[in-house]
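Residues per chain are reported as follows:
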Amino acid sequence: MLVACVVGDGEAETGPLATSWHSNKFLNPVRDGAVLPILHVNGYKIAGPTVLARIPRGELVALFRGYGYTPSFVEGDDPAKMHRLMAATLDRALDKIRLIQRDARKNGFRRRPRWPMIILRSPKGWTGPKVVDGKPTEGSWRSHQVPMGDMSHPGHLKILEKWLKSYRPRELFDKTGKLRSDAICFCRISATMRSG
Ligand SMILES: Cc1ncc(C[n+]2csc(CCOP(=O)(O)OP(=O)(O)O)c2C)c(N)n1
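Procedures and definitions
Residues numbered from 1 in each chain as written. Predicted model: local features only at pLDDT ≥ 70, side-chain atom pairs only at ≥ 80, totals over all residues. Helix = DSSP H or I, 4+ residues; strand = E, 2+ residues; numbered from the N terminus. Buried ≥ 20, exposed ≤ 12 C-beta atoms within 10 Å, placed from the backbone. Contact = placed C-beta atoms within 7 Å. Domains from an automatic or database assignment. Pairing = 2+ DSSP bridges. Axes fitted to C-alpha atoms, helices over the stretch in contact; angles between N-to-C directions.

**Considerations on the overall build of the protein**
Right, on to step 1. For the protein, the count of helices and strands is seven helices and eight strands.
Right, on to step 2. Counting only C-alpha atoms and orienting by the principal axes, one finds that the protein spans roughly 65 × 40 × 30 Å.
Right, on to step 3. Expressed as a percentage of its 196 residues, the buried residues of the protein come to 17%.
Right, on to step 4. A sequence separation of at least 24 residues applies to 63% of the contacts in the protein between residues at least 6 apart.

**A word on the domain arrangement of the protein**
Right, on to step 1. When its domains are assigned, the protein resolves into domain 1 (2-121) and domain 2 (147-195).
Right, on to step 2. Centre-to-centre, using C-alpha coordinates, domain 1 lies 28 Å away from domain 2.

**Looking at the sheet that holds strand β1 (residues 2-8)**
Right, on to step 1. Strand order in this open sheet of four strands is β1-β2-β6-β5, and the pairing throughout is parallel. Of all strands in the sheet, those bounded by a partner on one side alone are β1 and β5 (69-75). This sheet shows a mean twist of 25 degrees between the axes of neighbouring strands, independent of strand direction.
Right, on to step 2. In terms of strand pairing, strand β2 (residues 34-41) meets strand β6 (residues 115-121) through four bridges, oriented parallel. From the neighbouring strand, V41 faces β6, where its bridge partner is R121.
Right, on to step 3. Those strands touched by helix α4 (residues 79-107) are β1, β2, β5 and β6, and its axis lies near 165 degrees from that of β5.

Here it is as structure tokens:
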């Protein structure tokens with residue numbers, strides 16, 4: 001089994017998660033599956049800045065190399081470019097995992113491998129409303145959980161409608177509201193959704 005696990009940068013600061021980067025020390029590439037951690041650095045935990053988004057890039061790379069990974073970056077805010085970049089980076093990471101496992105299964109497990117990981121940098125609330133009530137929302141802590149309240153405000157309802165329609169639900173669901181069989185959905189489970 002291969003698990004691609006997306007970890008928020010806020011979540012990554014919590015004690016249990018911060019220590020769990022070391023779980024790679026317990027993986028046996030001969031008989032175990034693998035985990036591909038994807039650290040999602042969007043800069044904010046609720047209303048506060050995250051440490052991992054504020055340290056220099058060299059320090060971030062050194063930190064994860066120190067944990068035993070080889071980090072690759074996927075960074076940007078253009079969805080089409082980011083999709084291609086993520087696909088190519090995932091392909092490389094999966095090839096590397098397969099190589100590690102094949103080598104260990106053929107030649108034996110002699111030395112702990114350096115597993116790949118991905119550092120994804122994208123704006124907080126990416127593809128959500130860019131501005132609400134004249135205040136920046138996408139790319140800001142304001143996009144956490146509920147980017148705008150007070151739905152009696154007609155302007156807010158319009159923003160919500162435009163935002164949800166931007167995901168083109170007609171291409172994903174049929175007339176009865178069922179997911180179309182040719183639609184593949186990837187769901188990013190955020191800390192908020194997990195707790196909610
Ligand atoms: C155990 C626990 N402590 C605190 C919270 C409150 N909480 C909800 S979201 C959040 C911040 C999460 O930040 P991040 O992982 O960066 O999520 P993202 O910005 O991607 O939504 C916190 C602290 C929680 N849900 N669970």
